[in-house]
Amino acid sequence: MTSSIWTEKYRPATFDDIKGQKEIVEKIRAFVESKNMPHLLFSGPAGVGKTTLSLVIARQLFGEHWRENTLELNASDERGIDVVRVKVKDFARTKAIGDVPFKIIILDESDALTREAQQALRRTMENYTKTARFLLLANYSSKILDPIQSRCAVFRFKPLSLEEIKEVIRTVCKGEGGEVEQFLLPDAVEALCEASDGDVRRLTNIMQSCFTLKMMVKKEGEYITPE
């Protein structure tokens, strides 16, 4: 087992890898295939795929140049107007590398932006439409100003279903070298589903903690993998 953070280790890199939000994923895939899309607003609870889908968009649009063409900011850390005036505007005003006519700016937790910063963001979105597309991620879309919402295609994400959570559990177990039955008792699977409450990030963090504990105990000769 590696020491990497599992939320990143098992973060989907393609549309096909994403669990849940199937209708949203298919609509976004169509935008990407056409290499033309509006500004996007993804709203919904934590851990349901908003950031993951945003990064998949960047990877699929730009390929090996996705990092150079993508600016990712967490608005809860950098929530003032200066972020919009300096970082966002400086990035938005230059052309993208490659054959896609725009760059991508991902603003995570954009509902944490101050009202003043949102007003500046609205003007930036208007002025740099030819060279940039904004992906706004928010837990609560109601905290985003209406003029910004009206400039975006809005997609509302839901917690993953029980079966979708179990698919993630299977994926992680396979990634660690075995099937679910080799690592987890049936009661443990049900406990993980209940504890995650549809949140993939929470699920993956819990699984990494549990697997780390198992491996530590196993080294001491006390843990026996269930048959």
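Residues numbered from 1 in each chain as written. Predicted model: local features only at pLDDT ≥ 70, side-chain atom pairs only at ≥ 80, totals over all residues. Heavy atoms only, no water.

**What to know about the nonpolar core**
Of all hydrophobic cores here, the largest spans 44 residues; its most connected members are Ile28, Leu53, Ile57, Ile169, Leu184 and Met207. Among the elements that make up this core, the one with the highest residue count is helix α3 (residues 50–62) (seven residues). Those residues in contact with Ile169 that lie beyond four places of it in its chain are Val180, Leu184, Val189, Leu192, Cys193, Leu203 and Met207. Leu73, Ala117, Leu121 and Ala132 belong to the second-largest nonpolar core, a separate cluster that totals 23 residues. (Core = buried A, V, L, I, M, F, W, Y, C linked by side-chain atoms within 4.5 Å. Buried < 20%, exposed > 50% of the residue type's maximum accessible area, 1.4 Å probe, protein only. Helix = DSSP H or I, 4+ residues; strand = E, 2+ residues; numbered from the N terminus. Contact = heavy atoms within 4.5 Å.)

**A short note on helix α2 (residues 22–34)**
With 13 residues, α2 extends 19 Å between its outermost C-alpha atoms, agreeing within 8% with the 18 Å of an ideal straight helix rising 1.5 Å per residue. Every buried residue of α2 is listed here: Ile24, Val25, Ile28, Arg29 and Val32. Burial along α2 is one-sided: seen end-on, the buried residues are contained in an arc of 135 degrees. Residues of α2 that are exposed and point more than 90 degrees away from the buried face comprise Glu23, Lys27 and Glu33. On its buried face, α2 is in contact with β1 (39–43), α3 and β5 (152–156). (Expected span 1.5 Å × (residues − 1). Arc of directions from axis to C-beta.)

**Some words on the sheet that holds strand β2 (residues 70–74)**
With parallel pairing, five strands are arranged side by side in an open sheet as β2-β3-β4-β1-β5. Two strands in the sheet have a free side with no partner beyond their single neighbour: β2 and β5. Neighbour to neighbour, the strand axes of the sheet diverge by 15 degrees on average, direction disregarded. Two elements, strand β3 (residues 103–108) and strand β4 (residues 132–138), share five bridges in a ladder whose sense is parallel. (Pairing = 2+ DSSP bridges. Axes fitted to C-alpha atoms, helices over the stretch in contact; angles between N-to-C directions.)

**Topic: the environment of Met37**
With respect to the helices and strands, the residue Met37 is situated in the loop between α2 and β1. Overall, the relative accessible area of 4% leaves Met37 in the buried class. Placed 65 residues apart in sequence, Met37 and Phe102 show a C-alpha to C-alpha distance of 9.7 Å. Not counting chain neighbours up to four residues away, the residues in contact with Met37 comprise Phe31, Ile57, Leu61, Phe102, Ile104, Arg133 and Leu135.

**Describing the pattern of salt bridges**
Summed over the entire model, instances satisfying the criterion amount to 10 salt bridges. Here Arg170 and Glu163 are joined by a salt bridge, their closest N and O atoms 2.8 Å apart. The partly exposed category is assigned to Arg170, whose relative accessible area is 34%. Across the pair Asp199 and Arg202 runs a salt bridge, and its minimum N-O distance is 4.0 Å. Each of Asp16, Glu26 and Arg29 takes part in one network of salt bridges that share partners. (Salt bridge = Lys/Arg side-chain N within 4 Å of Asp/Glu carboxyl O.)

**Structural notes on the confidence of the model for the chain**
Per-residue confidence for the chain averages 88 on the pLDDT scale, and 89% of its residues sit at or above 70. Counting contacts from residues 216–227, a segment whose pLDDT is below 50, to residues more than four positions away or on other chains yields 11 contacts. (pLDDT = per-residue confidence, 0-100.)

**A look at the packing of aromatic side chains**
The full count for this structure, using the stated rule, is five aromatic pairs. A centroid spacing of 6.1 Å and a plane angle of 75 degrees characterise the contact between Phe42 and Phe155, whose relative ring orientation is edge-to-face. Here the residue Phe42 occupies a position in strand β1, and Phe155 occupies one in strand β5, the gap between them amounting to 113 residues. Given the relative accessible area of 1%, Phe42 is considered buried. Residues Phe183 and Phe211 carry aromatic rings whose centres are separated by 5.0 Å and whose planes lie at 45 degrees to one another, so their mutual orientation is tilted. Residue Phe183 is located in helix α8 (residues 180–183), and its partner Phe211 is located in helix α10 (residues 200–219); the two are separated by 28 residues in the primary sequence. Phe211 shares its class with Phe183; the two are buried. An aromatic cluster is present here, built from Trp6, Tyr10, Phe183 and Phe211 joined pairwise through their rings. In this structure, Lys103 is placed above the aromatic ring of Phe91, and the distance from its NZ or CZ to the ring centre is 4.1 Å. Sitting over the ring of Phe102, Arg133 keeps its end group 4.4 Å from the ring centre. (Phe/Tyr/Trp six-rings, centres within 6.5 Å; stacked < 30°, edge-to-face > 60°. Lys NZ or Arg CZ within 6 Å of the ring centre and 35° of its normal.)

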